[in-house]
Amino acid sequence: MSIAEKLAEQKKLTITIGGVEFLARRATVEEFARYATEKYSDAEVARIHVTGWNGVKESDLLDAGKADAVPYDRNLFDQVIGDKPDWYSVIAQRVMDHAIKYLQSKAENEKK
């Protein structure tokens, strides 16, 4: 595994909301600082950080949808997430929580 792959692997996180599992990556220090100083909606943060999902059904996305599983598609996610505050608010919070934990652990390691 290359260093780039190892870096990507250590940034991965899973966010479970109800029966849906979102695959995401934590915000980098640069992104965290940008989110703190510029206006980004929770939906925008979700669009940037979500990389996949499991357990999403058509009925989660369409009013008259079926119970069939829907494979993750980036364009579909980008269209849907703005109408799903129950998803995007949790996703954004967890992405930021993981960034804060990362920053805290870096600060603790620097003290040693």
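Placed above this text is the structure.
This text gives an overview of the structure that appears in the document. Treat the numbers as computed from the prediction; the structure is a model and nothing was measured.

Definitions and limits used
- Residues numbered from 1 in each chain as written.
- Predicted model: local features only at pLDDT ≥ 70, side-chain atom pairs only at ≥ 80, totals over all residues.
- Heavy atoms only, no water.
- Helix = DSSP H or I, 4+ residues; strand = E, 2+ residues; numbered from the N terminus.
- Buried < 20%, exposed > 50% of the residue type's maximum accessible area, 1.4 Å probe, protein only.
- Contact = heavy atoms within 4.5 Å.
- Areas by Shrake-Rupley, 256 points an atom, 1.4 Å probe, with all protein chains shown as cover.
- Lys, Arg positive; Asp, Glu negative; His and termini not counted.
- Charge placed at Lys NZ, Arg CZ, Asp CG, Glu CD.
- Pairing = 2+ DSSP bridges.
- Phe/Tyr/Trp six-rings, centres within 6.5 Å; stacked < 30°, edge-to-face > 60°.
- Lys NZ or Arg CZ within 6 Å of the ring centre and 35° of its normal.

To continue, consider the overall build of the protein chain. Per the secondary structure count, the protein chain includes 6 helices and 3 strands. Seen through its C-alpha atoms, the protein chain measures out along the principal axes to roughly 55 × 35 × 20 Å. For the protein chain, buried positions account for 27% of its 112 residues. Taking as baseline every contact in the protein chain between residues at least 6 positions apart, the subset at least 24 positions apart corresponds to 56%. Total accessible area on the protein chain is roughly 7200 Å²; 50% of this is exposed by carbon and sulfur atoms. Counting 17 positive and 19 negative side-chain charges, the protein chain places the averaged centre of each group 7 Å from the other.

What follows covers the pairing of strand E1 (residues 12-17). Covered by surrounding structure in E1 are Leu-13, Ile-15 and Ile-17 only, the residues Lys-12, Thr-14 and Thr-16 on the alternate face being uncovered. Direction of pairing for E1 relative to strand E2 (residues 20-25): antiparallel, over a ladder of 6 bridges. Pairing of Leu-13 across the sheet is with Ala-24, part of E2. Turn length for the E1-E2 hairpin, with the two strands adjacent in sequence and antiparallel, is 2 residues, and the turn residue Gly-18 shows positive phi of about 60°.

Tallied over the entire structure, the rule returns 6 aromatic pairs. For the pair Phe-22 and Trp-87, a centre-to-centre distance of 5.0 Å together with 65° between the ring planes defines the contact as edge-to-face. Remark: Trp-87 occurs in helix H6 (residues 85-111) and Phe-22 occurs in strand E2; sequence separation between them is 65 residues. Judged on exposure class, the residue Phe-22 and its partner Trp-87 are both buried. Pairing Tyr-35 with Tyr-40 gives two aromatic rings, centres 5.0 Å apart and planes at 65°, and the pair type is edge-to-face. Tyr-35 gets classed as buried once you look at its relative accessible area, which sits at 10%. Note on Tyr-40: relative accessible area 24%, which makes it partly exposed. One aromatic cluster is present, built from ring pairs that chain together Phe-22, Trp-53, Tyr-72, Phe-77 and Trp-87. Between the NZ or CZ atom of Arg-26 and the centre of the ring of Tyr-102, over which it lies, the distance is 3.6 Å.

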